[in-house]
Amino acid sequence: MTGLLVVVGTGIKAIGHLTHDARAWIARADEVHYVAADAITTAEIHRLHPGAQSLARFYAVGRARHDTYEAMVQSLLVGVRAGRTVCAAFYGHPGVFVYPSHDAIRRARAEGLRAIMEPGVSAEDCLFADLGVDPAVVGCAQYEATDFLVYRRRPDPSAALILWQIGGVGDLAWNPGRTNADNLRVLVAELAPHYGDDHVAVVYEAPQLPVCAPRMDRVRLRDLPAVPLTTASTLFVPPRERRAADAAMVARLGLDARRFGLGSP
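Presented here is a report on the structure given in the accompanying data block. (Residues numbered from 1 in each chain as written. Predicted model: local features only at pLDDT ≥ 70, side-chain atom pairs only at ≥ 80, totals over all residues. Heavy atoms only, no water.)

Locating H20 in the fold gives a position in helix α1 (residues 20-28). Residue H20 is classed as exposed on the basis of its relative accessible area of 71%. Taking the C-alpha atoms as reference, H20 lies 20 Å from A39; in sequence the two are 19 residues apart. (Helix = DSSP H or I, 4+ residues; strand = E, 2+ residues; numbered from the N terminus. Buried < 20%, exposed > 50% of the residue type's maximum accessible area, 1.4 Å probe, protein only.)

Laid out in structure tokens, this is it:
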């Protein structure tokens, strides 16, 4: 019998974001492996599948993330190669900032095994809802914070910018609770020429429990290195300016110029 790998997400908010599809796969799989962010979700996974195993056992302080992820992937593929249905449950959306999920699916398919991913609720979804941001209105670019710096991404100050994992910027190992203020100063130095160091951004953290409120701390960019952060901290940088519409392009598209503040066509 051909094995099957199913990757699901448990969402951000405990239990409430766990979809019917995710519940069904967790309950029916031969094996369940998971990374959960809270005790309530952990308990629910074990209620649905008492033999579920936590992939968090592969984390170790100071251990390179790549090594941790490799161990997770290998753990998932053992059962699939043996012909079993393996469900891997990751908090949030299983395809957003979850390297092991994509890597395991790629490897399984390369070996001729079946592998699928079911969507879940991500921190991005929560951010748009809590901050009242519609990316279709202002535009939005998003990067992992270290990636943003290492590859010298150029932000567009007329669009929103989301930087993920700012609490661990420049840290490629698993070090929960440690924030490098020097690296945050590097981040601010890269953002300041585009926005100004007095531009107000938001440090955001989605709530994991239904009774909790999201963290939405407004902070000037220059003050960011002194702000307490966690591994869940995200930086939302709103637009600094409004970009003017290109009159020639509006005309080429046959659009009403007045709709874009260009006066009569």
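All told, the structure shown has one cavity of 30 Å³ or more when counted by the stated rule. Counted as a void, the largest cavity has a volume near 40 Å³. In terms of lining, the largest cavity is formed by T10, G11, I12, K13, A14, A36, A37, D38, T41 and Y91. (1 Å grid on protein atoms, 1.4 Å probe; cavity = no way out; pocket = protein on both sides within 12 Å on 5 of 7 lines; lining within 4 Å. Points joined across faces, edges and corners; volume = space filled by probe spheres on them.)

On inspection of all chains with the given rule, the structure shows zero disulfides. C126 takes part in no disulfide bond, and the closest cysteine sulfur, belonging to C212, lies 13 Å away. In this structure C140 is a free cysteine whose sulfur lies 15 Å from that of C126, the closest cysteine sulfur available. (Disulfide = S-S within 2.5 Å.)

In spatial order, the strands read β3-β2-β4-β1-β5; together these five strands make up an open sheet with parallel pairing. Two strands in the sheet have a free side with no partner beyond their single neighbour: β3 (53-54) and β5 (114-117). In terms of strand pairing, strand β1 (residues 4-9) meets strand β4 (residues 85-90) through six bridges, oriented parallel. Each bridged residue has a counterpart across the sheet, and for V8 the counterpart in β4 is A89. (Pairing = 2+ DSSP bridges.)

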